Structure formats: structure tokens, C-alpha cells
Amino acid sequence: MKLALLSDIHANLRALHACLAHAQEAGATHHAVLGDLTGYGAEPAQVVDAVMHLAARGAVVLGGNHDALAVQPPAQPQTHGDLSAAWTHGQLDATQRAFLAGLPLHAQLGSAWLVHASADAPANWHYVDNPHRAQRSLAAACAHPGVSHVFCGHVHHQRLYYQGAARALMEFMPTPGVAIPVPAHRQWLATVGSVGQPRDGDTRAMYALFDATQARLVFQRVAYDHRAAAQAVRHTAQPEWFAQRLEEGR
């Protein structure tokens, strides 16, 4: 099994299409979408439709915090995310909202535990952005039989954490396109990055490819027309800042 791990699409259809095409060329046989289909981007309905199509073909799809907000936006928006949720809610039809509302917060696929945020409290949307948070998430997920790999999104960065021989959790910054051995006799947690809104100064979309048979993980970066995605945002009622983030990768 070669599993394409996609997270934080954020209504960016161009980035999603680019990552799916790249994954197909790389030999992906299965797909998992780790939440935040919506929020910030210009095409929430089209992205939800595309992911619904993936789900109909067997993909695992999880819900994220922005998806929950899109289903039920705050009555009094206070943040940019709240404003995006209110706009997004109006772009979705009843079928699309029902799909988002019914998404689980975690799933197991073979040795892999899939979650949007942290496995120890998935509904609290904790960011797994340091070894301490990774340790808590890893311990919670690996308490389930057969789990040795945890894959999550939410933080919009690509990192790998693993349990070393001395039981101390190690943090590793991967190089895109380079396969990393991730044997099951150790425990691993990867944040797979954001398809639709990278925040590390690099405008390229992110996803990861997990080869369960070979026990190898590759973090990928994919160029796409991010300027067109930014211009699409400018044609919506959303803040200009959302477009600028796509242009700057921040």
C-alpha cells in the first residue's frame, strides 16, 4: 500500500489537483485526507466535491476544526477564521455540509493512526508542534493495538518525530522527495504539512507518501499556480490577507 496523506487543503482546488496528480505519478494506491478541507481558500464547494469523490473511491477522510466551523459558524465572528467560516458556510449546499458534519476525527489504517490534530484529544485541536506535544499524541495513538505510525496535519509544517533507543523523542526536519525508513519496531509521528496553505515561506503545496509495504515515508513539495489561487481569493468576500498568504507561503 502506498498511502497519499493530504491535509489542510483549505479550499485550494489548484493545490489539491497538483498534489493528487503528483501522488498518482508517484504510485499512490490509497488516499487519506486529514481534515480542514475548507477555510481561507476560494473554492470550498469544489474541494468538498473532489474529496467526496475520493471518499466514494475508498479514501479515508477526517474532519478538521475549519470543517466544523464551516458547518456551524460562530454567530458573532471574531477572527479571520470565523469570517472565513461564515462565508464558507454560504458556499456549501446541504449535501456538502452533511458530509463535513459526518466526518470522524480519527481512523486507523493498518499500522497508521490518522488524526487532524493531536491523538490524545482530537476534538480539542491541539497543535503538535514540539516534541512534548508529539509525545502525548504518539502515546495516545500507539496505545491502540498494531499502531506504530501516527499521521496528522493542523500545523502546516512538515516534521517527523520518532522514539529513539533511549525512549527520548527525537525531532527531524525532512528533505522533500527523500525517502525515510520508518520501520514498525519504532514509533513515528509525522505532521504532513498543508496542501493548500503552506506557512514556511515556500509557496509549494505539501503532502506525504507512506509506503506501508517498504516502511518508507516521503515528504513531498509540489509547485502549483499559487498566484492564480491568490487571485481567486481576491474575487471572494474574504480578507486580502488570505490571498497574500498564498503568494508568500506564510
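First things first, this report covers the structure right here in the doc.

Here is what the cut-offs are and how they apply
- All residue numbers here refer to positions counted from 1 along the written sequence of the relevant chain.
- Local features are withheld for residues below a pLDDT of 70 in this predicted model, meaning they are given only at 70 or higher, and side-chain atom pairs are given and counted only at 80 or more; totals for whole chains, interfaces and linings count all residues.
- By convention in this description, side-chain values take in all heavy atoms of the structure and omit both hydrogens and water.
- Secondary structure elements are defined from DSSP: runs of H or I of at least 4 residues count as helices, runs of E of at least 2 residues count as strands, and each element is numbered from the N terminus.
- Only protein chains enter the calculation, and the probe is 1.4 Å; a residue is then buried if its accessible area is under 20% of its type maximum, exposed if over 50%, and partly exposed in between.
- Note that accessible areas follow from Shrake-Rupley with a 1.4 Å probe, and for residues the cover is restricted to the protein chains shown.
- Residues scored as charged are limited to Lys and Arg (positive) and Asp and Glu (negative), so that His and the chain ends carry no count.
- A charged residue contributes its charge at one atom only: NZ of Lys, CZ of Arg, CG of Asp or CD of Glu.
- We treat two strands as partners when DSSP finds at least two bridges between them.
- For helices, the fitted axis covers only the stretch in contact; all axes are lines through C-alpha atoms, and the angles between them, taken along N-to-C directions, range from 0 to 180 degrees.
- Should any heavy atoms of two residues lie within 4.5 Å, those residues are considered in contact.
- The working definition used for a salt bridge is a side-chain nitrogen of Lys or Arg within 4 Å of a carboxyl oxygen of Asp or Glu.
- By the definition adopted for this analysis, an angle is roughly parallel if under 35 degrees, roughly antiparallel if over 145, roughly perpendicular if from 65 to 115, and oblique otherwise.
- Taken from the helix axis, the directions to the C-beta atoms give the arc we talk about.
- In protein, a polar contact means a hydrogen-donor-capable atom and an acceptor-capable atom, both N or O and within 3.5 Å, with residues adjacent in sequence counting only if both atoms are side-chain atoms; elsewhere, any N or O pair within 3.5 Å suffices.

### Quick notes on the overall build of the protein
Part 1 of the argument: What the protein contains, in helices and strands, is 8 helices and 12 strands.
Part 2 of the argument: In terms of its C-alpha atoms, the protein occupies a principal-axis envelope of roughly 50 × 35 × 35 Å.
Part 3 of the argument: Counting all 250 residues of the protein, 55% fall into the buried class.
Part 4 of the argument: When the accessible surface of the protein is split by element, carbon and sulfur atoms take 51% of a total near 10400 Å².
Part 5 of the argument: Computing the positive centroid from 17 side-chain charges and the negative centroid from 18, the protein places the two 7 Å apart.

### Section: the sheet that holds strand β5 (residues 112–115)
Part 1 of the argument: An order of β4-β5-β6-β10-β7-β8 is seen for the 6 strands of this open sheet, with the pairing classed as mixed. Both edges of this open sheet fall to β4 (106–109) and β8 (169–172), since each of them pairs with a single strand only. The average angle at which neighbouring strand axes cross in this sheet is 20°, direction not considered.
Part 2 of the argument: As judged from the 4 bridges shared by strand β7 (residues 158–163) and β8, these two strands associate in the antiparallel manner. Bridge assignment links Tyr161 to a residue of β8, and that residue is Glu171.

### Digging into the sheet that holds strand β2 (residues 30–33)
Part 1 of the argument: With mixed pairing, the 6 strands of this open sheet are ordered in space as β3-β2-β1-β11-β12-β9. In this open sheet, the two edge strands, each paired with only one partner strand, are β3 (60–61) and β9 (180–181).
Part 2 of the argument: Sheet topology note: the β9/strand β12 (residues 216–222) ladder contains 2 bridges and is antiparallel. Bridging across to β12, Pro181 finds its partner in Arg216.
Part 3 of the argument: Across the face of the sheet, helix α1 (residues 13–25) comes into contact with β1 (2–6), β2, β11 (205–211) and β12 while running at roughly 30° to β11.

### Looking at the environment of Gly58
Part 1 of the argument: Of note, Gly58 is situated in the loop between α2 (44–56) and β3.
Part 2 of the argument: Take Gly58: its relative accessible area is 55%, and that puts it in the exposed class.
Part 3 of the argument: Taking C-alpha positions, Gly58 is 22 Å from Ala190, a pair spaced 132 residues apart along the chain.

### Observations concerning the side chain of Asp82
Part 1 of the argument: Note on placement: Asp82 falls in helix α4 (residues 80–91).
Part 2 of the argument: For the buried Asp82, no salt bridge is present, and the opposite-charge side chain at shortest range is Arg199, 13 Å distant.

### A short note on the pattern of salt bridges
Part 1 of the argument: Applying the stated rule across the entire model yields 9 salt bridges.
Part 2 of the argument: The partner of Arg204 in a salt bridge is Asp202, and the shortest N-O contact between them spans 2.8 Å.
Part 3 of the argument: Taking the shortest distance from any N to any O, the salt bridge between Arg234 and Glu247 comes out at 2.9 Å. With Arg234 in helix α7 (residues 226–234) and Glu247 in helix α8 (residues 240–248), this residue pair connects regions lying 13 residues apart in the sequence.
Part 4 of the argument: For Arg234, a relative accessible area of 31% corresponds to the partly exposed category.
Part 5 of the argument: On the accessibility criterion, Glu247 (34% relative accessible area) is partly exposed.

### What to know about the packing of α7 against α8
Part 1 of the argument: Relative orientation of the contacting elements α7 and α8 amounts to 180°, with a least axis distance of 8 Å. Comparing their axes, α8 and α7 come out roughly antiparallel. Residues His226, Ala229, Ala230, Gln231, Val233 and Arg234 of α7 touch α8, and the partners they reach there are Glu240, Phe242, Ala243, Gln244, Leu246 and Glu247.

### Describing helix α5 (residues 94–101)
Part 1 of the argument: When α5 is considered as a whole, its buried residues turn out to be Gln96, Phe99 and Leu100. Angularly, the buried residues of α5 cover 95° about the axis, an arc narrow enough to put them on a single face. Counted as exposed and oriented over 90 degrees from the buried face of α5: Ala94, Thr95, Ala98 and Ala101.
Part 2 of the argument: On the buried face of α5, the contacting elements are α2, β3, α3 (65–71) and α4.
Part 3 of the argument: The opening residue of α5 is Asp93, an N-cap whose side-chain oxygen sits 3.1 Å from the backbone nitrogen of Thr95.

### Considering the pairing of β7
Part 1 of the argument: Sheet topology note: the β7/strand β10 (residues 188–192) ladder contains 5 bridges and is antiparallel. Looking at the pairing, Arg159 lines up with Thr191 of β10.

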